[in-house]
Amino acid sequence: HKTLQLNTEYKDTCVLDGKIFEIIENKAPNPYRGIIKNGRIHIIDLQGNELNLRVIRYVFSVRSDDRLSSIRSYGDLVSYPVLQMLKYAKVDEPYYFEEIIIVDQNKEIQNNAVRPIIIKRIAI
């Protein structure tokens, strides 16, 4: 969903584990973007239209934590291990949902179609 800022620009945000995260603009060449809505990853086109594409896998990571290289999750739900990681998210530290694999309406797997989702916690 969108949040109106004081400078009237729109910014994608999501709430995970009670904390607000900004979805950072990602200009990768992939044809689709991911957003997080109601605890699930949804796929939209570059014009912002939500598409009927199903997420079957993603890899979550944070670059600054040497103890955790990544968490692999199946399905579109932001998984419990990911939420546990985000519970202690530092403000302005980026977190990544990468290698997002989707299936189209014909049950065809679309590899490398979705740009990584990059989020960072916003201070309130």
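Fair warning: this is a prediction, and the values are worked out from it, not measured in the lab.

(A) Spatial organisation of the packing of aromatic side chains. Evaluation of the coordinates by the stated rule reveals 3 aromatic pairs. Both rings, one in Tyr-58 and one in Phe-97, keep their centres 5.4 Å apart while their planes meet at 55°; by these two values the pair is tilted. Here Tyr-58, found in strand S6 (residues 54-61), pairs with Phe-97, found in strand S8 (residues 94-103); they are 39 residues apart in sequence, far enough to count as distant. For Phe-97, a relative accessible area of 0% puts it in the buried group. For the ring pair Phe-60 and Tyr-95, a centre distance of 6.0 Å and an interplane angle of 10° mean the geometry is stacked. Of this pair, Phe-60 sits in strand S6 while Tyr-95 sits in strand S8, and the two are 35 residues apart along the sequence. Accessibility classification places Phe-60 together with Tyr-95 in one group, the buried group. Directly above the ring of Tyr-96 sits Arg-63, whose terminal nitrogen or CZ lies 3.9 Å from the centroid.

(B) Structural context of the pairing of S8. Within S8, 8 of the 10 residues are buried, leaving the element largely enclosed by the surrounding structure. Across 6 bridges, S6 lies against S8 in antiparallel orientation. In the sheet register, Phe-60 faces S8, and the bridge partner there is Phe-97. Direction of pairing for S8 relative to strand S9 (residues 109-110): antiparallel, over a ladder of 2 bridges. Within S9, the residue paired with Ile-102 across the bridge is Gln-110. Taking the residues between adjacent antiparallel strands as the criterion, S8 and S9 are bridged by 5 residues, where Lys-107 takes a positive phi near 65°.

(C) Focus on the confidence of the model for the protein. Confidence along the protein averages 87 in pLDDT terms, with 88% of residues attaining 70 or more. Confidence drops under a pLDDT of 50 for residues 1-10, and excluding neighbours within four residues, the segment shows 14 contacts in the predicted structure.

(D) Geometry of the pattern of salt bridges. One pass over the structure, following the stated rule, counts 8 salt bridges. Ionic pairing is found between Arg-57 and Glu-99, a salt bridge with its closest N-O pair at 3.1 Å. Here Arg-57, found in strand S6, pairs with Glu-99, found in strand S8; they are 42 residues apart in sequence, far enough to count as distant. When its relative accessible area of 18% is taken as the criterion, Arg-57 is described as buried. Among the salt bridges present, the one from Asp-92 reaches Lys-120, with a minimum N-O distance of 3.9 Å. Separated by 28 residues along the polypeptide, Asp-92 in the loop between helix H1 (80-87) and S8 and Lys-120 in strand S10 (residues 117-121) bring together distant segments of the chain.

Here is what the cut-offs are and how they apply
Residues numbered from 1 in each chain as written. Predicted model: local features only at pLDDT ≥ 70, side-chain atom pairs only at ≥ 80, totals over all residues. Heavy atoms only, no water. Phe/Tyr/Trp six-rings, centres within 6.5 Å; stacked < 30°, edge-to-face > 60°. Helix = DSSP H or I, 4+ residues; strand = E, 2+ residues; numbered from the N terminus. Buried < 20%, exposed > 50% of the residue type's maximum accessible area, 1.4 Å probe, protein only. Lys NZ or Arg CZ within 6 Å of the ring centre and 35° of its normal. Pairing = 2+ DSSP bridges. pLDDT = per-residue confidence, 0-100. Contact = heavy atoms within 4.5 Å. Salt bridge = Lys/Arg side-chain N within 4 Å of Asp/Glu carboxyl O.

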